[in-house]
Amino acid sequence: MTRSPNKAGELDAIDLAILTELQRDARMSIQDLSQRVGLSPTPCARRVRILEENGIVRGYTVVLAEAKVGFPISVFVSVKLDHQIDDRLRSFEEAIRKFPEVTDCWLMTGDRDYLVRVAVADLIEFESFLTGKLTKVVGVASLESSIPIRRVKEKSARLS
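Keep in mind the model is a prediction, meaning the values are calculated, not measured.

Undergrad: Just checking my understanding: could you explain helix 5 (residues 123-132) for this structure?
TA: Owing to its 3.6 residues per turn, the α-helix aligns residues three or four sequence positions apart on the same side. All of the buried residues along helix 5 are Phe 126, Phe 129 and Leu 130. The arc that holds the buried residues of helix 5, viewed along the axis, is 95°, so those residues lie on one side. Along its buried surface, helix 5 packs onto strand 1 (73-81), strand 2 (102-107), strand 3 (114-120) and strand 4 (140-146). The distance from a side-chain oxygen at the start of helix 5 to the backbone nitrogen of Ile 124 is 3.2 Å, and the residue carrying that oxygen is Asp 122.

Undergrad: Looking at this structure, how should I read the sheet that holds strand 3?
TA: One key point about sheets: their strands pair by backbone hydrogen bonds, in either a parallel or an antiparallel sense. The strand order across the open sheet built from 4 strands is 2-3-1-4, with neighbouring strands paired in antiparallel fashion. Of all strands in the sheet, those bounded by a partner on one side alone are strand 2 and strand 4. Across the sheet, the mean angle from the axis of one strand to that of its neighbour is 20°, orientation sign disregarded. Judged from the 6 bridges that link them, strand 1 and strand 4 form a sheet pairing that is antiparallel. Counted as the bridge partner of Leu 81 is Val 140 from strand 4. Helix-sheet contacts for helix 4 (residues 86-97) involve strand 1, strand 2, strand 3 and strand 4, and the interaxial angle to strand 3 is about 15°. Sitting on the sheet, helix 5 is in contact with strand 1, strand 2, strand 3 and strand 4, with an inclination near 135° to strand 3.

Reading the values: rules and limits
Residues numbered from 1 in each chain as written. Predicted model: local features only at pLDDT ≥ 70, side-chain atom pairs only at ≥ 80, totals over all residues. Heavy atoms only, no water. Buried < 20%, exposed > 50% of the residue type's maximum accessible area, 1.4 Å probe, protein only. Helix = DSSP H or I, 4+ residues; strand = E, 2+ residues; numbered from the N terminus. Arc of directions from axis to C-beta. Contact = heavy atoms within 4.5 Å. Polar contact = N/O pair within 3.5 Å; in protein donor to acceptor, adjacent residues only side chain to side chain. Pairing = 2+ DSSP bridges. Axes fitted to C-alpha atoms, helices over the stretch in contact; angles between N-to-C directions.

Printed below as a string of structure tokens:
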């Protein structure tokens, strides 16, 4: 693994500024990024490369307005499995990765085993997904669905 730009191996203020600016606009040029964080382009590009190599920047993506591409409904589904054994967890996770409707899936603590976010065109599609796919996954013991009213905050990752 490539070493961090500073001696302590921790992110410094410039690294955090770079990450903040990339979260705002990952498409900006190194020239623009370097001006915003107060570095010349070459050391700025080197820091970005090191952040990527160290896995701090895992990739670049487009954030879609799901409603504008045909999926205005999100549903959160809490899933409880019949057994919390390795094989059951693994098979559930393999199955869930194959469903295009699932946008996020988290292994949870507490009463439920997984929290899944599903994006669908309408409640008819959600019902079809629920009854035709999710309930048929081996090991699913119970499900509880919640439909959000509106998103209050959206952020890709916490920096500070």
